[in-house]
Amino acid sequence: MNAIDLTSGQNVWLILFAIAQILYALTFLVDFYLFSRPVNLVSATTAPPDEASPPILMFYPVLHELEETMRTTFTALARMDYPKDRWRVVAIPNADDRETIASLERLRSEFGFLSIMEVPPTSDATWDVVWKAWDQNPRAYWWRRGPHAQNRDLPPKKTRQLIYALYRVLDETPQGEDFLIDYIDADSCPPPDHFRAGAAGMLKYDVLQAENVAGNLNASLAASWHAFDHMAWDGRKYRHLSADGKHPYWVLGKGVFFRASDLQALGGFHPWLAIEDPEVGMRFWAAGKRLGVIEEPLIEETPLTFGRGITQRKRWVCGFFQSLGRPLDELDFTPVQKMKAWTNFLPCASLWVNALGFPTGVWALTLGFHNAAIPAWLFWLSLINVTLLILTLIGLYVSTWKRTALVLDKTSDRLIYMLKVNPLFLMIWWVVWLIPLWLGFWMFMRDGGLVWERTEKINANEALIRSERRGQASIVSGS
């Protein structure tokens, strides 16, 4: 093959090509680091006997939810294999969300484990228990320092509901009594052994996180692509954040267990972030609390349209940027610890690099090793990158195929899903991720994401949860 005659324009292109390959190599290094971390899994089989099982309080924050969506979640909870006198669910709607409250009151007659705690405006006197607790706790740094110090007008979102419920329940609990706190989203459907896994894990760990899987994998092309994010992160990569306690971890915002006393000691939840999940996890880690991962997943539903998925993901991205800024300084992270914390976000932030690195790498390989247009080191780097992507996709697809059996009975349905997430479609989806990345960064720059921009739930998993087979699959996904 003849060498390509390089002009100055081609030199510029070659520099850009080299930058793309170097960036691509860095994304694989981040993945290599994360996958090299050990995994701390929790099994419900080691749960204590019924008489020694800890009490569990599950918070259920809701906003303008369909009654049937909530009924599906409560149907899953009704199958919980745990002593009935040792757990309850507290729904926490806003006091002005009268339609949701009316639905919850009707559901309370069907599900005896359900109680309702309405969350009033922060001007209400019942919030005084929160302000008093934060006044006395130096770890509630957002209350003492920064642009929102002593600001009682907490943003109207899920975190505010969790804060109110936490401190009201703690205020009503006799001194010296402790219990486990769990919380889920409106559409979250835990497996029957969810609480037993929580009780088992707390014998060894301080924080527990259940993995997630979408139940509506084939509802639309958008739902399939959105669900693949859970396949790649929640069900495969996330577990490595447990890391024997040596890596700053995040929690996923539902299906997470804390001891009430630990959460109280650390100041509860930070209200001035778009999502509370990353920051509260890193706050627990900074306090020396270890994470265990519950492999049996919660069933979620993913958005049916790309627009709703982008709305959801831009909020995530905004929260990631917020959590990786000032909170790391407040928690006294060292530079190395900050770098480790950023590796939690970099796999998401660099998805679009695949669309640059892979095709340009293939192009370099087609030119051949001896072509003068490509330096030898860049040819070999391209070869390594292309090889690593192929190996990564093989591992990811094997894991995804296994996890589809958790929610799809028919092999044909599982094959249809795998076709919807073929490599070409994934490249397109990873480029689309640039949109929520940019929108989320723009929200971060404007201190946005402080109003609950909820992801609409449509009761997509009703048939799955009501099925007799639900919860019987036992899948161990690859790590």
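Within any chain, residue numbers begin from 1 and follow the written order of that chain's sequence. Local features in this predicted model are restricted to residues whose pLDDT is 70 or higher, and side-chain atom pairs enter the listing and the counts only when it is 80 or higher, whereas totals over whole chains, interfaces and linings include all residues. As a rule here, side-chain values come from all non-hydrogen atoms in the structure, and water together with hydrogens is ignored.

### As for the packing of aromatic side chains
Here a pair means two rings of Phe, Tyr or Trp (six-membered ring of Trp) with centres within 6.5 Å. Their orientation is stacked below 30 degrees between planes, edge-to-face above 60, and tilted elsewhere. This model, assessed by the stated rule, comprises 41 aromatic pairs. Taking the centre distance of 6.2 Å and the plane angle of 45° together, the rings of Phe441 and Phe444 count as tilted. Note that Phe441 and Phe444 are positioned in helix 19 (residues 434-445) at a spacing of three residues, about one turn of the helix. Using a 1.4 Å probe on the protein chains alone, a residue whose accessible area is under 20% of its type maximum counts as buried, one over 50% counts as exposed, and one in between counts as partly exposed. Take Phe441: its relative accessible area is 30%, and that puts it in the partly exposed class. Here, a charge over a ring is recorded when the distance from Lys NZ or Arg CZ to the ring centre is within 6 Å and its angle to the ring normal is within 35 degrees. Over the ring of Trp401 we find Arg414, and its NZ or CZ is 3.9 Å from the ring centre. Secondary structure elements follow DSSP: runs of H or I no shorter than four residues count as helices, runs of E no shorter than two count as strands, and numbering proceeds from the N terminus.

### As for the pairing of strand 5 (residues 180-183)
Along a regular strand, successive side chains alternate from one face of the sheet to the other. Side chains Leu180 and Asp182 of strand 5 all project onto a buried face; the interleaved residues Ile181 and Tyr183 project onto the opposite face, where all are buried too. When DSSP finds at least two bridges between two strands, those strands are taken to pair. As judged from the four bridges shared by strand 2 (residues 56-61) and strand 5, these two strands associate in the parallel manner. Note that in strand 5 the partner of Met58 across the bridge is Asp182. The sheet contact formed by strand 5 and strand 7 (residues 256-259) spans four bridges and is antiparallel. Within the sheet, the bridge partner assigned to Tyr183 lies in strand 7 and is Val256.

### Side note on the side chain of Glu211
Within the fold, Glu211 resides in strand 6 (residues 207-214). Within the structure, the side chain of Glu211 is placed 3.0 Å from the side chain of Arg239, a separation counted as a polar contact. Note on contacts: a residue pair is in contact if any heavy atoms of the two residues lie within 4.5 Å. In this structure Glu211 touches Asp234, Gly235, Arg239, Val293, Ile294, Glu295, Glu296, Pro297, Leu298 and Arg403, once residues within four positions along its chain are discounted. As used in this structure description, the phrase polar contact means that two N or O atoms lie within 3.5 Å; if the pair is within protein, one of them must be able to donate a hydrogen and the other to accept it, and residues adjacent in sequence are counted only when both atoms belong to side chains.

### Let's talk about the pattern of salt bridges
Definition used for salt bridges: Asp or Glu carboxyl oxygen within 4 Å of a side-chain nitrogen of Lys or Arg. For the structure shown, the criterion picks out 25 salt bridges. Of the charged contacts in the structure, one is a salt bridge between Arg196 and Asp50, with a shortest N-O distance of 2.8 Å. Within this pair, whereas Arg196 is found in helix 7 (residues 194-201), its partner Asp50 is found in the loop between strand 1 (41-42) and strand 2, the two being separated by 146 residues in sequence. Given a relative accessible area of 39%, Asp50 falls into the partly exposed group. Here Glu118 and Arg98 are joined by a salt bridge, their closest N and O atoms 3.2 Å apart. One end of the pair, Glu118, is in the loop between strand 4 (114-116) and helix 4 (128-135); the other, Arg98, is in helix 3 (residues 98-108), with 20 residues separating them in the sequence. Ionic contacts of the salt-bridge type, sharing partners, join the residues Glu67, Glu68, Arg71, Arg106 and Glu110 into one network.

### Points about the packing of helix 8 (residues 221-237) against helix 11 (residues 306-323)
Each axis is a line fitted through C-alpha atoms, and for a helix only the stretch in contact is used; angles between axes span 0 to 180 degrees, taken between their N-to-C directions. With their axes 9 Å apart at the nearest point, helix 8 and helix 11 run at an angle of 25° to one another. As judged from the angle between their axes, helix 8 and helix 11 are roughly parallel. Judged by residue contacts, Leu221, Ala222, Trp225, His226 and Asp229 of helix 8 engage Phe306, Gly309 and Arg313 from helix 11. Ten residue types, Ala, Val, Leu, Ile, Met, Phe, Trp, Tyr, Cys and Pro, are classed as nonpolar, four, Asp, Glu, Lys and Arg, as charged, and the remainder, Gly among them, as polar. Looking at the contact of helix 8 with helix 11 residue by residue, the class counts come to four nonpolar, two polar and two charged. Angular relationships are summarised with four words: roughly parallel below 35 degrees, roughly antiparallel beyond 145, roughly perpendicular across 65 to 115, and oblique for the angles in between.

### Focus: the sheet that holds strand 6
Taken in spatial order, the eight strands line up as 1-8-6-7-5-2-3-4 in an open sheet, and their pairing is mixed. In the strand order of this sheet, the two ends are held by strand 1 and strand 4, each with one partner. Pairing analysis gives two bridges linking strand 1 to strand 8 (residues 291-300), with the strands arranged parallel. Across the sheet, residue Val42 finds its bridge partner in strand 8, namely Ile294. Contacts from helix 7 reach strand 1, strand 2, strand 3 (87-92), strand 5, strand 6, strand 7 and strand 8 within the one sheet, and its direction differs from that of strand 6 by about 150°.

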